[in-house]
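Listed here are the chains, written in short residue letters.
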Amino acid sequence: VPANWDVVATFHNDSSFPDFVRRSCSNGNVTPCKLDLTNEGSVAEFARKFPEFDVILYLAANSDPKKSIPGPGMDLKINTLGLVTLLEKLKCKRLVYISSSAVYLDSLIPYIFSKRASEDYIKFFAEQKGFSYVIIRLFETYGPYSPERKICRKLVQQFDSGDPNVTLYGDGTNLIDHLYVDDTVGALIKIISSGKGSVTVDLCTGQSISLKELVERIAKVYGITPKITYAGQAAAKIYFKGDPKKAKEIFGFSPSISIEEGVMRWQEFKSRNGGKY
């Protein structure tokens, strides 16, 4: 976090977050604050303490599309109603919202509906309340603290153990566009610092690769020849590519970390942090 920023970082379920902030933010300019976006009373209390922000970076979400299929109400409550409640109660000059490349998919998945609706609600509130916004359609981020279900996390853990056997759903041709977390954070700092809006941008390399190639490139870092098998069907067919031009033209962001370098940086992080992923 830049030293000249005064940050209120919200959390809900993770009671270890305040300690993480104390350990990670040596400048002391980050205040952790518990907030339940699905509870109107919790949001109202937060708004009384912090009625207005220069910038809100909105990261809260159910980020697992698969969970939205058996639980569409839960997904809508977390991904859309939580955002609406916040925008009703708080004031800001600018909103930076993390959306998803999933909005480009033509699939009947509740997660996609909630992300599309959230983007539209942001535009509605921006017009009503007079703030600017940046909607970021994030393609994928990998690196430290990645969820265990993410493919890069699974591959890194597997190849760490020396296991070359990889099972992919579908035929391995689904496209994926990864940014290492350092690139993603660098982009967010540029976007927040710029003051520009209102705009929607893709956050990606623009150089999507197949899942099969992803497996092969990560395996090569480990000196492993992967043994790939294919099973079942992929949850969705992803053959589109993101467009990084707007992010570069408007915010001056270009990714610089290759998959190979990202995996090596991740290994260095694990070495410094007792093997934690």
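Look a little higher up for the structure.
These notes cover the structure that comes with them. This structure is a prediction, so every number in the text was calculated from the model and none was measured.

1. Focus on the pattern of salt bridges
Point 1. For the coordinates displayed, the defined rule picks out 14 salt bridges.
Point 2. A salt bridge links Lys49 to Glu45, with the shortest nitrogen-to-oxygen separation between them at 4.0 Å. Taken as a pair, Lys49 and Glu45 lie in helix 2 (residues 40-49) at a separation of 4 residues, close to a single helical turn.
Point 3. A relative accessible area of 40% means that Glu45 is categorised as partly exposed.
Point 4. When the shortest N-O distance is used, the salt bridge between Glu213 and Arg217 registers 3.4 Å. One end of the pair is Glu213 and the other is Arg217, both in helix 8 (residues 211-222) and 4 residues apart, which spans about a single turn.
Point 5. Judged by its relative accessible area of 31%, Glu213 is partly exposed.
Point 6. One connected set of salt bridges, linked through shared partners, spans Asp182, Glu261 and Arg265.

2. Quick word on the pairing of strand 7 (residues 165-169)
Point 1. Burial along strand 7 is one-sided: Val166 and Leu168 are buried, and none of Asn165, Thr167 and Tyr169, which face the opposite way, are.
Point 2. Here 5 bridges tie strand 7 to strand 12 (residues 227-231), and the two strands are oriented parallel to one another. Paired with Thr167 across the two strands is Thr229, which belongs to strand 12.

3. A few points about the packing of aromatic side chains
Point 1. Tallied over the full model, the rule gives 16 aromatic pairs.
Point 2. Aromatic pair Phe46 and Phe50: ring centres 5.1 Å apart, planes at 45°, arrangement tilted.
Point 3. For Phe46, a relative accessible area of 5% gives the class buried.
Point 4. Classification of Phe50 by relative accessible area gives partly exposed; the value is 22%.
Point 5. Centre to centre, the rings of Tyr104 and Phe139 are 6.4 Å apart; their planes meet at 40°, and the pair counts as tilted. Of this pair, Tyr104 sits in the loop between strand 4 (91-100) and helix 5 (110-129) while Phe139 sits in the loop between strand 5 (132-138) and strand 6 (141-142); the two residues are 35 residues apart in sequence, bridging distant segments of the chain.
Point 6. Joined through ring pairs, the aromatic side chains of Phe11, Phe17, Phe20, Tyr145 and Phe269 make up one cluster.

4. Overview of the packing of helix 8 against helix 10 (residues 259-272)
Two measures define how a pair of helices packs: the angle their axes make with one another and the distance between the axes.
Point 1. In contact at an axis separation of 9 Å, helix 8 and helix 10 are set at 50° when each is read in the N-to-C sense. In this view, helix 8 runs oblique relative to helix 10, as classed from their interaxial angle. Along this stretch, helix 8 crosses helix 10, giving a crossing that reads as right-handed. For the pair helix 8 and helix 10, contact is made by Leu214, Arg217, Ile218, Val221 and Tyr222 and by Ile259, Glu260, Val263, Met264, Gln267 and Lys270, respectively.
Point 2. Class assignment for the residues of the contact of helix 8 with helix 10 results in 7 nonpolar, 1 polar and 3 charged.

5. Let's talk about the sheet that holds strand 5
Sheet strands line up and pair through hydrogen bonds in the backbone, either parallel or antiparallel.
Point 1. Taken in spatial order, the 4 strands of this open sheet run 3-4-5-10, and their pairing is parallel. With partners counted over all chains shown, the strands left at the sheet margins are strand 3 (52-58) and strand 10 (199-203), one partner each. When the angles between neighbouring strand axes are averaged without regard to direction, this sheet yields 15°.
Point 2. In this structure, strand 3 lies alongside strand 4, joined through 6 bridges in parallel fashion. Bridge assignment links Leu57 to a residue of strand 4, and that residue is Val96.
Point 3. Strands strand 3, strand 4, strand 5 and strand 10 of the sheet are contacted by helix 7 (residues 181-194), whose axis makes an angle of about 150° with strand 4.

Criteria and cut-off values
- Residues numbered from 1 in each chain as written.
- Predicted model: local features only at pLDDT ≥ 70, side-chain atom pairs only at ≥ 80, totals over all residues.
- Heavy atoms only, no water.
- Salt bridge = Lys/Arg side-chain N within 4 Å of Asp/Glu carboxyl O.
- Helix = DSSP H or I, 4+ residues; strand = E, 2+ residues; numbered from the N terminus.
- Buried < 20%, exposed > 50% of the residue type's maximum accessible area, 1.4 Å probe, protein only.
- Pairing = 2+ DSSP bridges.
- Phe/Tyr/Trp six-rings, centres within 6.5 Å; stacked < 30°, edge-to-face > 60°.
- Axes fitted to C-alpha atoms, helices over the stretch in contact; angles between N-to-C directions.
- Parallel < 35°, antiparallel > 145°, perpendicular 65-115°, else oblique.
- Left-handed = near helix turned anticlockwise from the far one by under 90°.
- Contact = heavy atoms within 4.5 Å.
- Nonpolar A, V, L, I, M, F, W, Y, C, P; charged D, E, K, R; others polar.

The analysis is restricted to geometry; functional conclusions fall outside its scope.
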